[in-house]
Number of protein chains: 2
Amino acid sequence: MTNQMPSRADRPLRADARRNRQRVLEAARDAFVEDGTDAQMEDIARRAGVGVGTIYRHFPTKQALIDTLADQWLADSAAIAAEALELPDAWEALSAYVRRSAEDMMRNRGLRQVYGGLGRLFEKGTGGRNSELVTNVRRLIDRCHQAGVLRADVGFAEFRALMYGLAMATSNADTLGAQQLYADVILKGLRP
Amino acid sequence: MTNQMPSRADRPLRADARRNRQRVLEAARDAFVEDGTDAQMEDIARRAGVGVGTIYRHFPTKQALIDTLADQWLADSAAIAAEALELPDAWEALSAYVRRSAEDMMRNRGLRQVYGGLGRLFEKGTGGRNSELVTNVRRLIDRCHQAGVLRADVGFAEFRALMYGLAMATSNADTLGAQQLYADVILKGLRP
DNA sequence: TGACAAGGTGAAGCCGGATTCCGTATTGTC
DNA sequence: GACAATACGGAATCCGGCTTCACCTTGTCA
């Protein structure tokens, strides 16, 4: 009952396996971006040029595949926030994040679902999936509060909800212009 | 090939049938409000105190049941808009509609889904489901435009998308306060 | 190059939910 | 009260996804 179990622990993946894993990931990304998380495993396999069984060799379950991509997306979002934080002006920084983030979500149906599903589990302690995103966004908000350029009654939770709303509004916007418009409306509404 | 077919055309429903139809409708409403349109037929039947078969006697398909309720909800929404139109001030009228509508959507998961699914099919000509809602809301918007109290670049389509976004933002808001806050943000953003 | 374990395949199994079906119960009419 | 027409119930069926499995293929290493 000790810790042995040297089985197939961390032996490096075989070359073809690594390649396939990557293909699956890419195919899944495309499928989820287009069709949301209810894209079908069969479809993903087809896009990857692989049998369904192969997907299951790498991911025990569809949910695991979704989670893997979700983590990646949230990390991307965290990076966007980090980038925005480098802007000197607090309001500019927040605006930049909002705009870029909205753009991402407009394109990515899967991300919207993930974001929506996260719900308030997100803010629960620091445990939430990708806490880096949370801390970065918190920082963006705090800076604005200190500069007095953001409604005081909008905290992290409220901001998150509004971002989700923005994403959804944006989701069935056809033109790029509309997308911009919605972001503008929200941003204007956020001023004190 | 004429028009006969006098079969069971419009003979009034038997008493018990009418009663059950009503119960099903109420149960379905509750279920959809709570769980959205993927509430299960079995669950609806249970709530109605009826067998699944009975549901199918009255509605050929789950979708038909959803549609029936959707129409009703949209009609309700049209009524809210009509009521708002009675207010003398254009902006007050629009605000009132936004607030009451958001409140409805916050409670009604099914309605949110319907509203989201409607997508742009809504504005397509006058054909959309419940055109009364469309005309009333158009009127609310036009009045605001004439009074110059609403961004000129927000037309019906844009307004609709923003309402949907508001509903979604609101959907995982816990407090009533948050719900109000989101509406405020949007409304403020809508000013010219 | 041969052996063999890691990896791939996709048809079959499984499961959850909508829909059907038919024997039974209720209503309305004479 | 009895008959015919309507309705009801809910187990059986159908269907569309995810997941598994028994059997091939390929990469790796001596």
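Placed above this text is the structure.
Reference entry: report on the structure contained in this document. (Residues numbered from 1 in each chain as written. Chains lettered and ligands numbered in written order. Predicted model: local features only at pLDDT ≥ 70, side-chain atom pairs only at ≥ 80, totals over all residues. Heavy atoms only, no water.)

Right, let's talk about the overall build of chain A for a bit. Tallying secondary structure elements over chain A gives nine helices and zero strands in all. A total of 192 residues make up chain A; the buried ones form 47% of that total. Nonlocal contacts in chain A, meaning residues at least 24 apart in sequence, comprise 66% of its contacts between residues at least 6 apart. Accessible surface computed for chain A: about 9900 Å², of which carbon and sulfur atoms make up 49%. (Helix = DSSP H or I, 4+ residues; strand = E, 2+ residues; numbered from the N terminus. Buried < 20%, exposed > 50% of the residue type's maximum accessible area, 1.4 Å probe, protein only. Contact = heavy atoms within 4.5 Å. Areas by Shrake-Rupley, 256 points an atom, 1.4 Å probe, with all protein chains shown as cover.)

It is worth spelling out the protein's contact with DNA strand D at this point. In the neighbourhood of DNA strand D, 22 residues make up the surrounding shell, with Lys62(A), Arg11(B), Arg14(B), Asn20(B) and Thr54(B) lying closest. Backbone atoms, meaning sugar and phosphate, form 71% of the atoms of DNA strand D found within 4 Å of the protein. At 3.3 Å from a phosphate oxygen of DNA strand D is found a main-chain nitrogen or oxygen belonging to Ala15(A). Lys62(A) has a polar side-chain atom sitting 2.5 Å from a phosphate oxygen of DNA strand D. Elements with a minimum of two residues in the surface near DNA strand D: helix 1 (15-35) of chain A together with helix 1 (15-35) and helix 3 (52-58) of chain B. Its residues placed into classes, the surface near DNA strand D shows eight nonpolar, seven polar and seven charged. (Near = heavy atom within 4 Å. Polar contact = N/O pair within 3.5 Å; in protein donor to acceptor, adjacent residues only side chain to side chain. Nonpolar A, V, L, I, M, F, W, Y, C, P; charged D, E, K, R; others polar.)

This paragraph deals with the interface of chain A and chain B. Counting residues at the interface gives 28 residues for chain A and 28 residues for chain B. Contact between chain A and chain B buries roughly 2200 Å² in total, counting both sides, with carbon and sulfur atoms accounting for 61%. Interface area lost by chain A to chain B is led by Asn172(A), Val185(A) and Lys188(A), which between them contribute 25%. Summed over the shared surface of chain A and chain B, the number is four residue pairs in polar contact (both at pLDDT 80 or more). Residue assignment for the side of chain A that touches chain B shows that the elements contributing at least two residues are helix 8 (156-171) and helix 9 (176-190) of chain A. Per-element accounting of the side of chain A that touches chain B gives the leading share, nine residues, to helix 8 of chain A. The class makeup of the residues in the side of chain A that touches chain B is 14 nonpolar, five polar and nine charged. (Buried area = accessible area lost by both parts, 1.4 Å probe.)

Another point: the pattern of salt bridges. This structure, assessed with the given rule, holds 20 salt bridges over all chains. Across the salt bridge formed by Asp43(A) and Arg46(A), the nearest N and O atoms sit 3.4 Å from each other. Of the two residues, Asp43(A) and Arg46(A) both sit in helix 2 (residues 41-48), three residues apart, roughly one turn of that helix. With relative accessibility at 56%, the residue Arg46(A) sits in the exposed group. Residue Arg99(B) pairs with Asp184(B) through a salt bridge whose shortest N-O separation is 2.8 Å. Of the two residues, Arg99(B) sits in helix 5 (residues 90-107) while Asp184(B) sits in helix 9 (residues 176-190), which places them 85 residues apart along the sequence. Looking at Arg99(B), the relative accessible area reads 29%, which means it is partly exposed. Taken together, the salt bridges that share partners define one network made up of Glu34(A), Asp35(A), Asp43(A), Arg46(A) and Arg47(A). (Salt bridge = Lys/Arg side-chain N within 4 Å of Asp/Glu carboxyl O.)

What follows is about the protein's contact with DNA strand C. Around DNA strand C, the structure places 22 residues, and the nearest of them are Arg14(A), Asn20(A), Thr54(A), Thr61(B) and Lys62(B). Of what DNA strand C places within 4 Å of the protein, 68% of the atoms are sugar or phosphate. Taking Arg14(B), its side chain carries an N or O atom lying 2.9 Å from a base oxygen of DNA strand C. Lys62(B) places a polar side-chain atom, nitrogen or oxygen, 2.6 Å from a phosphate oxygen of DNA strand C. Elements that contribute at least two residues to the surface near DNA strand C include exactly helix 1 and helix 3 (52-58) of chain A together with helix 1 of chain B. Element by element, the count of residues in the surface near DNA strand C is highest for helix 3 of chain A, at five residues. The class makeup of the residues in the surface near DNA strand C is eight nonpolar, seven polar and seven charged.

The next point concerns helix 1 of chain A. For helix 1 of chain A, spanning 21 residues, the distance from its first C-alpha to its last is 30 Å, which sits close to the expected 30 Å at 1.5 Å a residue. The positive-phi residue at the C-terminal boundary of helix 1 of chain A is Gly36(A), with phi of around 80°. (Expected span 1.5 Å × (residues − 1).)

What follows covers helix 1 of chain B. Listed in full, the buried residues belonging to helix 1 of chain B are Ala17(B), Asn20(B), Val24(B), Leu25(B), Ala27(B), Ala28(B), Ala31(B) and Phe32(B). Summarising the contacts, the buried residues of helix 1 of chain B are in contact with helix 2 (41-48), helix 3, helix 4 (62-85) and helix 6 (109-118) of chain B.

This part takes up the layout of surface pockets. Of the volumes computed, that of the largest pocket is approximately 730 Å³. Along the wall of the largest pocket there are 22 residues; nearest its centre are Gln113(A), Tyr164(A), Met168(A), Tyr164(B) and Met168(B). Elements represented by at least two residues in the lining of the largest pocket include exactly helix 6 (109-118) and helix 8 of chain A together with helix 6 and helix 8 (156-171) of chain B. Looking at the lining of the largest pocket residue by residue, the class counts come to four nonpolar, eleven polar and seven charged. (1 Å grid on protein atoms, 1.4 Å probe; cavity = no way out; pocket = protein on both sides within 12 Å on 5 of 7 lines; lining within 4 Å. Points joined across faces, edges and corners; volume = space filled by probe spheres on them.)

Moving on, we get to the environment of Asp71(B). Residue and element names in this part refer to chain B. Mapped onto the secondary structure, Asp71 falls in helix 4. Residue Asp71 is classed as partly exposed on the basis of its relative accessible area of 37%. Expressed as a C-alpha distance, the spacing of Asp71 and Val114, which sit 43 residues apart in the sequence, is 9.7 Å. Among all residues touching Asp71, those that are not within four sequence positions of it are Arg129 and Asn130.

With that settled, consider the packing of aromatic side chains. Following the criterion strictly, the structure yields two aromatic pairs over all chains and no others. Directly above the aromatic system of Trp91(A) lies the positively charged group of Arg191(A), at a separation of 4.4 Å from the ring centroid. Over the aromatic face of Tyr115(B) sits the side chain of Arg160(B), whose NZ or CZ is 4.9 Å from the ring centroid. (Phe/Tyr/Trp six-rings, centres within 6.5 Å; stacked < 30°, edge-to-face > 60°. Lys NZ or Arg CZ within 6 Å of the ring centre and 35° of its normal.)

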